[in-house]
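The lines below spell out each chain.
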Protein chains: 4
Amino acid sequence: MSVNQMGRPRDERLGRALLDATCELLAERGYAATTIEDVARRAGTTKPTLYRRHRNRVELVTEALVDRFGHDPTHDTGTLRGDLEDLQRHQVTLFGDPVLRGAMVGLLDELRADEEAATVFVSRFLAPRRAATARVLERATERGEIAACDDPEWICDLVTGPLLMRAMLPGLPPLDETLVEQTVAAALASLGVSGGAGRRP
Amino acid sequence: MSVNQMGRPRDERLGRALLDATCELLAERGYAATTIEDVARRAGTTKPTLYRRHRNRVELVTEALVDRFGHDPTHDTGTLRGDLEDLQRHQVTLFGDPVLRGAMVGLLDELRADEEAATVFVSRFLAPRRAATARVLERATERGEIAACDDPEWICDLVTGPLLMRAMLPGLPPLDETLVEQTVAAALASLGVSGGAGRRP
Amino acid sequence: MSVNQMGRPRDERLGRALLDATCELLAERGYAATTIEDVARRAGTTKPTLYRRHRNRVELVTEALVDRFGHDPTHDTGTLRGDLEDLQRHQVTLFGDPVLRGAMVGLLDELRADEEAATVFVSRFLAPRRAATARVLERATERGEIAACDDPEWICDLVTGPLLMRAMLPGLPPLDETLVEQTVAAALASLGVSGGAGRRP
Amino acid sequence: MSVNQMGRPRDERLGRALLDATCELLAERGYAATTIEDVARRAGTTKPTLYRRHRNRVELVTEALVDRFGHDPTHDTGTLRGDLEDLQRHQVTLFGDPVLRGAMVGLLDELRADEEAATVFVSRFLAPRRAATARVLERATERGEIAACDDPEWICDLVTGPLLMRAMLPGLPPLDETLVEQTVAAALASLGVSGGAGRRP
DNA sequence: GTATAACCGAGACGGTACGTCAGGTCTTGAT
DNA sequence: ATCAAGACCTGACGTACCGTCTCGGTTATAC
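The rules we used
- Residues numbered from 1 in each chain as written.
- Chains lettered and ligands numbered in written order.
- Predicted model: local features only at pLDDT ≥ 70, side-chain atom pairs only at ≥ 80, totals over all residues.
- Heavy atoms only, no water.
- Contact = heavy atoms within 4.5 Å.
- Least-squares fit on C-alpha atoms with pLDDT ≥ 70 in both.
- Near = heavy atom within 4 Å.
- Polar contact = N/O pair within 3.5 Å; in protein donor to acceptor, adjacent residues only side chain to side chain.
- Helix = DSSP H or I, 4+ residues; strand = E, 2+ residues; numbered from the N terminus.
- Nonpolar A, V, L, I, M, F, W, Y, C, P; charged D, E, K, R; others polar.
- Buried area = accessible area lost by both parts, 1.4 Å probe.
- Salt bridge = Lys/Arg side-chain N within 4 Å of Asp/Glu carboxyl O.
- Domains from an automatic or database assignment.

Now for the arrangement of the chains. Regarding chain A and chain C, the two do not touch, and the least distance separating their C-alpha atoms is 36 Å. Contact between chain A and chain D is absent, and the least distance between their C-alpha atoms amounts to 11 Å.

What follows is the structure, given as structure tokens:
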């Protein structure tokens, strides 16, 4: 093997330029108006070069998002409440980002018709975030703060759903620190932690 | 004498056929693949006729959704928990409907670039639902079940966000009765109703 | 018979307005850009009213031309040369008219695909003019100026062809008195009248 | 180094196919019924490809005509009469061609509204033919057959007008050898050549 | 004087074609 | 093998007229 590596090598700066141009256009104009031709033009290159790296728009955007929002750094703060607040502050930043707001709904629409791309998106973007939340719950169980959670999926939806909603629907209040507190409190209450519900004193 | 209503009147069956065809295609193929030409063809008419009634795809789809999911019948069940369960069962049906699942994300994407259409969507589709939730809370306050809620927006996001999430993101569990219970319990807990959190016995 | 003549009679001013509007638009914008809708609008009426009087654009324009350029008044001037000059002066005016220049070529194009309309155009517009020319030749024969002409069609083409050409092709010299002299001289020469060819002294 | 000639070169077979399809449709159905879509379809290609080469129907048809009837080969036959007969036989063939008959009037109509296209048509189609006629007259002057012609435009109209008329107006006799003789005789008479007028013996 | 019939305005309707835009592929010459 | 350039096929866009139709309402003659 390794007869590979013949011919002119790829210009790696082009890969970056393409992903960056994609993010810029997503933030400026949204998904539908982010055309392949415009991405290539803004990156200073051409369509065939783009297609050599990304099979279509869905994959291009998915890869741009993964590249930009790839991994949540979840720290162990020592308490469940601390971990959840950390998680939610990160998510508020994420869903407040104009790139993600511009990309999300349009991308989700196309994923409905492209099962393969949907799988990629789930495994590289969605699943890691949900896994991070599950890990927070596991650590809390190990600490003895809560009993083993029997439906971590629900907790994920509970903490992320309201944020997603504010990010995607028009005319709603902005994502802010209040929302962090509210979602964390709701999660703690749902997990049976006393003092979780209502306002903190 | 009213000089209004001149000329050949519109064939209202066509209006119906167009909205129905729109819903069918949204359910079958999603928003992006629901082309104006296909809608017109399936409705048994032509593009100019469609454009006489709907200025563009955003308005067509918005009107189709409003027509189909126009008004939530909120009954007064006598208790806050009952009202919320009623509300959530209705929302589970709504977000589980393939028409709405097919339409939602794509429509939201285009609304980002069309402020006028976004306003219409908000006022005719979103606002009435949030108002219904607010009414449920007011009734509970009048009954003395809860103190006046100082952030009804948050309760709306709390009960709807998780449903929206399951409806829009790929690879998540289905919308079911369990989710009704979980969201209602979370809402009650967040409203300070004792016994709200956790599973009901 | 004569159960006709019931109901509201036609408003004859509309017929006039339609023909006039047709001529105006033909002169301003040519045949192709003279749409039925514009004619009706400018006449202050509507399409169905127009179609009640004219089956289609070809007939509308034909009737407008016949109405405007209906009949050549051919006077007997006493000499062949005088008759021909009279004829040609009339034709120069005719082919110089912006209405006819605007209408002619476009109308001829559509006549190619509508044999019935072509027949109407020939019989009501073309044939009378050629007959007038033939009559001039007959009168000259009766006067003894020329022998009986055995190919009057050719004389028609000879006197009219150059005018038609200048009227229809772009970039050619204007129709003027010189052309009257030249065509008359050529016709006389072709008819064997000595002194016909060349310039008159 | 010339940076010209980049990108994929045009498939010249497509250019040919488009011009040929245009001529076929012009001959079959005339100008008005020669739609861009049909031309593209018959050429086995698509509208955008057609529009890449021809800005609109006027230019497409003009270029098709120039391509097909591009240049009159005027031979020097040694005599004025011979040259004119040669010219006229060529013109009879030209105006008898169904492609040109189908295209001419419709094209002329649209040229009235498109000055730029009219200029192209004049310079590439009309002017060369008139120049050829002028050259015939110059050669005759050089030979001493006639004095210098002071109005060659008139001779052009004289020899071409009658042919154009027969080609464009419906219901007229066909273009034939007789017309060649008649026009040549008229031209010679008009140029002052004795024996020009009337029938040849 | 009251039917009755044709007229008129307005505008919806099914069509067909327009000229444009973008997606995704392919071909060329050059690096 | 990759790159810039751009041609190519495909399919949908939103618009413009065509010629027809259906209305509500208006005149006239005919009964």
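From this point, the narrative continues.
Moving on to the relation of the copies chain D and chain C. Of the two same-sequence chains, chain D is brought onto chain C (RMSD 0.2 Å, axial shift 0.0 Å) by a rotation of 179°. Between the two chains, the operation in question is that of a two-fold axis. It is G161 of chain D whose C-alpha, among those of chain D, lies nearest the rotation axis, at 2.0 Å. Most of the interface of chain D is mirrored in chain C: 100% of its interface residues are interface residues there too.

Around DNA strand F, the surrounding shell holds 44 residues, and the nearest of these are T45 and R53 of chain A, Y51 of chain B together with T45 and R53 of chain D. Taking all atoms of DNA strand F within 4 Å of the protein, the share assigned to sugar and phosphate is 63%. The side chain of K47 of chain C places a nitrogen or oxygen atom 2.7 Å from a base oxygen of DNA strand F. Note that a phosphate oxygen of DNA strand F is positioned 2.7 Å from one of the side-chain N or O atoms of Y51 of chain C. Of all the secondary structure elements, the ones that give two or more residues to the surface near DNA strand F are helix 3 (47-53) of chain A, helix 2 (36-42) and helix 3 (47-53) of chain B, helix 2 (36-42) and helix 3 (47-53) of chain C together with helix 3 (47-53) of chain D. The residue inventory of the surface near DNA strand F, partitioned by class, reads 15 nonpolar, 13 polar and 16 charged.

Note on the identical chains: chain B maps onto chain A by a rotation of 180° and an axial translation of 0.1 Å, with an RMSD of 0.2 Å. Of the residues that chain B buries at the interface, 100% are likewise interface residues in chain A, meaning the two copies contact each other through the same surface.

In this section: the interface of chain D and chain C. With 41 residues of chain D at the contact, the number on the chain C side is 42 residues. A combined buried area of about 3500 Å² lies between chain D and chain C, and 68% of that area is made up of carbon and sulfur atoms. Its largest share of buried area at the contact with chain C, chain D owes to R112, W154 and M165 of chain D, together 17% of the area lost on that side. Seen at the junction of chain D and chain C, the total is two salt bridges. One can count nine residue pairs in polar contact (both at pLDDT 80 or more) joining chain D with chain C. Where the side of chain D that touches chain C is concerned, the elements lending two or more residues are helix 6 (98-111), helix 7 (115-143), helix 8 (152-168) and helix 9 (177-190) of chain D. With 11 residues, helix 8 of chain D is the single largest residue contributor to the side of chain D that touches chain C. Across the side of chain D that touches chain C, the residue classes break down as 23 nonpolar, eight polar and 10 charged.

The subject of this paragraph is the domain arrangement of chain A. Residues and elements named next belong to chain A. By the assigned domains, chain A splits into domain 1 (12-66) and domain 2 (70-190). When each unit is reduced to the centre of its C-alpha atoms, the spacing between domain 1 and domain 2 is 26 Å. On the side of domain 2, 16 residues touch domain 1, which itself brings 14 residues to the contact. Each partner contributes to the roughly 1400 Å² buried at the junction of domain 1 and domain 2, and carbon and sulfur atoms together form 69% of this total. On inspection of domain 1 and its partner domain 2, the count reaches two salt bridges. Counting across the domain 1 and domain 2 interface gives four residue pairs in polar contact (both at pLDDT 80 or more). Looking at the side of domain 1 that touches domain 2, the elements that each hand over two or more residues are helix 1 (12-29) and helix 4 (57-69). Tallying contributions element by element places helix 4 first for the side of domain 1 that touches domain 2, with seven residues. For the side of domain 1 that touches domain 2, a count of residues per class yields eight nonpolar, three polar and three charged.

Further remarks concern the interface of chain B and chain A. Frequently, the measure chosen for interface size is the accessible area removed from exposure when the parts meet. Listed by partner, the interface residues are 42 residues for chain B and 42 residues for chain A. For the pairing of chain B and chain A, the buried interface totals around 3500 Å² over both sides, and the portion due to carbon and sulfur atoms is 68%. It is R112, W154 and M165 of chain B in chain B that bury the most area against chain A; as a group they hold 17% of the surface buried on that side. The interface formed by chain B and chain A includes two salt bridges. Here chain B is connected to chain A by nine residue pairs in polar contact (both at pLDDT 80 or more). Among the elements of the structure, helix 6 (98-111), helix 7 (115-143), helix 8 (152-168) and helix 9 (177-190) of chain B are those that each provide at least two residues to the side of chain B that touches chain A. Considered class by class, the residues forming the side of chain B that touches chain A number 23 nonpolar, nine polar and 10 charged.

Not every one of the 43 residues close to DNA strand E is listed here, only the nearest: T45 and R53 of chain B, T45 and R53 of chain C together with Y51 of chain D. In DNA strand E, atoms within 4 Å of the protein come from the sugar-phosphate backbone in 64% of cases. At 2.3 Å, a side-chain N or O of T45 of chain B approaches a phosphate oxygen of DNA strand E. With respect to DNA strand E, the backbone of D11 of chain C contributes an N or O atom lying 3.1 Å from a phosphate oxygen. A breakdown of the residues in the surface near DNA strand E according to their chemical character gives 13 nonpolar, 13 polar and 17 charged.

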